[in-house]
Amino acid sequence: MISFVGAGPGAPDLITLRGRDRLAAAEVVVWASSLVPEALLAHVRPEATIHDSKTMTLEDVLAVYAAHPAAAIVRLHSGDPSVYGAIQEQIDWCVANQRDFEIVPGVSSMAAAAALVRRELTIPRVAQSVVMTRLAGRTAASMPERESVASFSAIGATMAVFLSGARPAELQKELLAPGSAYGPDTPAAVVVRASWPDEQVLMTTVGAVAETILSTGARTTVLVLVGPALEGAAARSHLYSPAYAHQFRRRSAPGTTAGRPA
Ligand SMILES: C[S@@+](CC[C@H](N)C(=O)[O-])C[C@H]1O[C@@H](n2cnc3c(N)ncnc32)[C@H](O)[C@@H]1O
């Protein structure tokens, strides 16, 4: 079995219990030392074989899988593997080679960043959608044309921008492109290495996002959150309103709690 395991954003206690158990049972581990903290390897048995994928190509990684047809293999991916994890090409290989595989989800850096800035990303009547995206950058060929940061900015939803720390000016320009629903005062957050010991968390605005990113000195492992939801003041949600009934709770009169006096 090959387990693609989400390692979480960095802190070793932000891996899931299932992910930790897969690491503890692994005979072979492939991990990226540039993206995943070494402390996670404390869960791995001493007799397991460990490969650092930092300098490996996809072919090198697949050769490791091929060389261990019956082993319990863990491939550790940063955050959640479903987001910019490059797991699909490995899944395709597993299917083509009739290898059993599973995906163990992880805490995405987007969730870690939202926790650090103490904000909900979906505020009633302000933003009910989150766009996870990136600038085109060096891998421009991967980017469908319709998915530019500028075109998503026209929607005005909460945006989580990955993989773009090296292009601060371009990011700010696209966020404020003609037709954007954001303005220079729209709140933004720049989070570098969320949950690592040297994390940086900076609240800013779209108009100052480029200089804020530059001020961190970081070009990689930067997550930028953007949108009015980061303002923080919430209209109250329907879900916990006494007037809103659902499967587990009946509607209650104003001034009462779940049908009882408040
Ligand atoms: C290859 S992508 C992997 C994303 C990962 N699968 C996830 O769910 O967070 C790497 C990008 O994710 C973001 N990232 C990953 N870990 C981060 C962290 N601890 N703090 C801030 N950003 C992070 C950065 O934008 C970085 O450039």
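Our structure is the block above this text.
What this report covers is the structure whose coordinates are included nearby. (Residues numbered from 1 in each chain as written. Predicted model: local features only at pLDDT ≥ 70, side-chain atom pairs only at ≥ 80, totals over all residues. Heavy atoms only, no water.)

### Here's the deal with the site of the ligand
Part 1 of the argument: Around the ligand, a shell composed of 17 residues is seen, among which P9, V83, S109, A194 and V222 lie nearest.
Part 2 of the argument: At 2.7 Å, a backbone N or O of A194 approaches a nitrogen atom of the ligand.
Part 3 of the argument: The backbone of V222 places a nitrogen or oxygen atom 2.7 Å from an oxygen atom of the ligand.
Part 4 of the argument: The protein chains hide 92% of the 560 Å² of surface that the ligand would expose on its own.
Part 5 of the argument: Using a 2 Å cut-off from the grid points, one finds that the ligand occupies the largest pocket.
Part 6 of the argument: Broken down by class, the residue content of the shell around the ligand amounts to 10 nonpolar, 5 polar and 2 charged.
Part 7 of the argument: Here the shell around the ligand spans two domains, since at least three of its residues come from each of domain 1 (2-104) and domain 2 (109-231). (Near = heavy atom within 4 Å. Polar contact = N/O pair within 3.5 Å; in protein donor to acceptor, adjacent residues only side chain to side chain. Areas by Shrake-Rupley, 256 points an atom, 1.4 Å probe, with all protein chains shown as cover. 1 Å grid on protein atoms, 1.4 Å probe; cavity = no way out; pocket = protein on both sides within 12 Å on 5 of 7 lines; lining within 4 Å. Sits in = over half its atoms within 2 Å of the grid points. Nonpolar A, V, L, I, M, F, W, Y, C, P; charged D, E, K, R; others polar. Domains from an automatic or database assignment.)

### Quick word on the layout of surface pockets
To find leftover empty space, one rolls a probe the size of a water molecule over the atoms.
Part 1 of the argument: In this structure, the largest pocket encloses a volume near 1400 Å³.
Part 2 of the argument: Along the wall of the largest pocket there are 47 residues; nearest its centre are L35, S78, Y84, L163 and T221.
Part 3 of the argument: Of all elements in the fold, only α2 (58-67), β4 (73-77), α3 (88-96), α4 (109-116) and β10 (222-226) reach the threshold of two or more residues within the lining of the largest pocket.
Part 4 of the argument: Per element, the largest residue contribution to the lining of the largest pocket is 3 residues, and it comes from β4.
Part 5 of the argument: Across the lining of the largest pocket, the residue classes break down as 20 nonpolar, 18 polar and 9 charged.
Part 6 of the argument: Of the domains in this structure, domain 1 (2-104) and domain 2 (109-231) are the two that each give at least three residues to the lining of the largest pocket. (Points joined across faces, edges and corners; volume = space filled by probe spheres on them. Helix = DSSP H or I, 4+ residues; strand = E, 2+ residues; numbered from the N terminus.)

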